[in-house]
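Summary of the model geometry
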Amino acid sequence: YISCTIQLPTGEKPALALNLVLSPLIGLSIISATISGYLSDYFGGRRKIIVYGSTCVMFTICMLFAFVHDWNVSPWLGAIFGLGYGALLSIDYALALDAAPSKDEAAKDLGIWNLALVMPLTVAAPVGGYLLDHFNTYYQNTWIKPCLAGSGSSCNGYVVLFVLSGTYFACASLAVFFTSEKIK
């Protein structure tokens, strides 16, 4: 994505640029996870609001990554995405425990929940790869500028993947909205 869609400063290597986006993302996700866990406990286990906020942040950043291709903004977008990602990671396990039908069988229910996570993850990479290839190759009318991938690629696949990812975050937030009333 970075080497194909973002005009890097002269001499900047894409691998270093990727690290400059991922480092603040990872660092702030750790801080955000810690803080949101404490906030959830402090406010009496109100977890849904943290899910809504974190998925809103991640949806917004996905849309920005899809359409804004400015190197000066990219590390900041990564950092802000990390805030939402960390908050969601710390709360999703707590939500899963809250939603478990029985506290006595919570380990079994979490095991099933974990297995349910594997299928989407194993399907996402090949589907994402197909979408990336399909939209980069077959839709030559470039939706974004710049496209630095060279001839034969339009970089449209990155737009599709980020919009799809943002849509998944919005759907996740909606799914949490319709969960049981016992979950705050």
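The following paragraphs examine the structure supplied in this document. What you see is a predicted model, and the numbers here were worked out from it, not measured in a lab.

Of all hydrophobic cores here, the largest spans 22 residues; its most connected members are Tyr-1, Ile-2, Phe-65 and Phe-81. Only α1 (2–5), α2 (14–42), α3 (48–67), α4 (74–99) and α6 (156–177) provide two or more residues apiece to this core. Per element, the largest residue contribution to this core is five residues, and it comes from α3. Dropping the residues within four chain positions of it, Phe-81 is found in contact with Leu-25, Met-58, Ile-61, Cys-62 and Phe-169. The next biggest cluster of nonpolar side chains, apart from the first, holds six residues, and it includes Ile-50, Val-51, Ala-87 and Leu-95.

Further remarks concern α3. A rise of 1.5 Å per residue sets the reference length of α3, with its 20 residues, at 28 Å; its end C-alpha atoms lie 29 Å apart and thus fit the reference within 8%. Within the span of α3, buried status applies to Lys-48, Ile-50, Val-51, Ser-54, Thr-55, Met-58, Ile-61, Cys-62, Met-63, Phe-65 and Ala-66. Where the residues of α3 are buried, they touch α2, α4 and α6.

Describing two packed helices takes the angle between their axes plus the distance from one axis to the other. The geometry of α4 relative to helix α5 (residues 106–138) is characterised by a closest axis approach of 10 Å and an angle of 125° between their N-to-C directions. The orientation of α4 with respect to α5, classified from their angle, is oblique. Seen along the crossing, α4 lies across α5 with a hand that is right-handed. For the pair α4 and α5, the contacting residues are Asp-92, Tyr-93, Ala-96 and Leu-97 in the first and Ala-106, Leu-110 and Trp-113 in the second. Broken down by class, the residue content of the contact of α4 with α5 amounts to six nonpolar, no polar and one charged.

Given a rise of 1.5 Å per residue, 26 residues ought to cover 38 Å, and the 36 Å separating the end C-alpha atoms of α4 matches this to within 8%. Along α4, the helix axis deviates most sharply at Ile-91, where the bend reaches about 25°.

Another point: the layout of surface pockets. Estimated volume of the largest pocket: approximately 1400 Å³. If you trace the largest pocket, you find 35 residues lining it, with Leu-88, Leu-117, Tyr-168, Phe-169 and Ala-172 closest to the centre. When contributions to the lining of the largest pocket are tallied by element, the ones reaching two or more residues are α3, α4, α5 and α6. Roughly 170 Å³ of volume is contained in the second largest pocket. Residue lining of the second largest pocket: Tyr-1, Ile-2, Leu-18, Val-21, Leu-22, Leu-25, Phe-65, Phe-81 and Phe-162, and that is the complete set. Tallied by class, the residues present in the lining of the second largest pocket amount to nine nonpolar, no polar and no charged.

Counting through the fold element by element, Val-176 comes out in helix α6. As a C-alpha pair, Val-176 and Lys-48 span 128 residues in sequence and 6.9 Å in three-dimensional space. With near-sequence residues (within four places) excluded, Val-176 lies in contact with Lys-48, Val-51, Tyr-52 and Leu-95.

Before going further, it helps to spend a moment on the packing of aromatic side chains. In total, this model carries nine aromatic pairs according to the counting rule given. Ring centres 5.0 Å apart and planes at 85° place the aromatic pair Tyr-42 and Phe-43 in the edge-to-face group. Taken together, a centroid distance of 6.4 Å and an interplanar angle of 50° make the contact between Tyr-52 and Phe-177 tilted. Taken together, the positions of Tyr-52 in helix α3 and Phe-177 in helix α6 put the pair 125 residues apart, joining distant regions of the chain. A relative accessible area of 24% means that Tyr-52 is categorised as partly exposed. Three or more aromatic residues joined by ring pairs form one cluster here, namely Tyr-1, Phe-65, Tyr-158 and Phe-162.

Let's shift gears to the environment of Phe-65. Mapped onto the elements of the fold, Phe-65 is located in helix α3. As a C-alpha pair, Phe-65 and Leu-77 span 12 residues in sequence and 7.6 Å in three-dimensional space. Sequence-distant contacts of Phe-65, that is, excluding residues within four places in its chain, are made with Tyr-1, Val-21, Ser-74, Leu-77, Gly-78 and Phe-162.

Cut-offs used in this document
- Just so you know, the residues in each chain are numbered from 1, in the order the chain's sequence is written.
- In keeping with the predicted nature of the model, local features appear solely for residues at pLDDT of at least 70, side-chain atom pairs appear and are counted solely at 80 or more, and the whole-chain, interface and lining totals rest on all residues.
- Just so you know, side-chain values use all the structure's heavy atoms and leave hydrogens and water out.
- Among buried residues, those of type Ala, Val, Leu, Ile, Met, Phe, Trp, Tyr and Cys that are joined through side-chain atoms within 4.5 Å constitute a nonpolar core.
- Remark: exposure states derive from per-residue accessible area (1.4 Å probe, protein chains only) relative to the maximum for the residue type, with buried under 20%, exposed over 50%, and partly exposed in between.
- Helix and strand labels come from DSSP, where a helix needs a run of H or I of at least four residues and a strand needs a run of E of at least two; each type is numbered from the N terminus.
- Residue contacts are defined here by distance: any two heavy atoms, one from each residue, within 4.5 Å place the two residues in contact.
- A helix is expected to reach a length of 1.5 Å times the quantity of its residues less one.
- Here, axes are lines fitted to C-alpha atoms. For helices the fit covers the stretch in contact, and angles between N-to-C directions go from 0 to 180 degrees.
- Geometric relationships in this document are graded by angle, where less than 35 degrees denotes roughly parallel, more than 145 denotes roughly antiparallel, 65 to 115 denotes roughly perpendicular, and other angles denote oblique.
- For any pair of crossing helices, the crossing counts as left-handed if the nearer helix is rotated counterclockwise from the farther one by less than a right angle, and right-handed if it is rotated clockwise.
- When residue character is reported, Ala, Val, Leu, Ile, Met, Phe, Trp, Tyr, Cys and Pro are called nonpolar, Asp, Glu, Lys and Arg charged, and the others, Gly included, polar.
- Working definition for bend: take the seven residues up to and ending at a residue and the seven starting at it, fit an axis to each, and measure the angle between the axes.
- In the cavity and pocket records, a cavity denotes points on a 1 Å grid over the protein atoms alone where a 1.4 Å probe fits but cannot get out, a pocket denotes an open set with protein on both sides within 12 Å along at least 5 of 7 lines, and lining residues are residues with an atom within 4 Å of a point.
- Grid points are joined across faces, edges and corners, and a volume is the space filled by probe spheres set on the points.
- Only Phe, Tyr and Trp rings take part, Trp by its six-membered ring, and two of them pair if their centres are within 6.5 Å. Stacked means planes under 30 degrees apart, edge-to-face means over 60, and tilted covers everything else.

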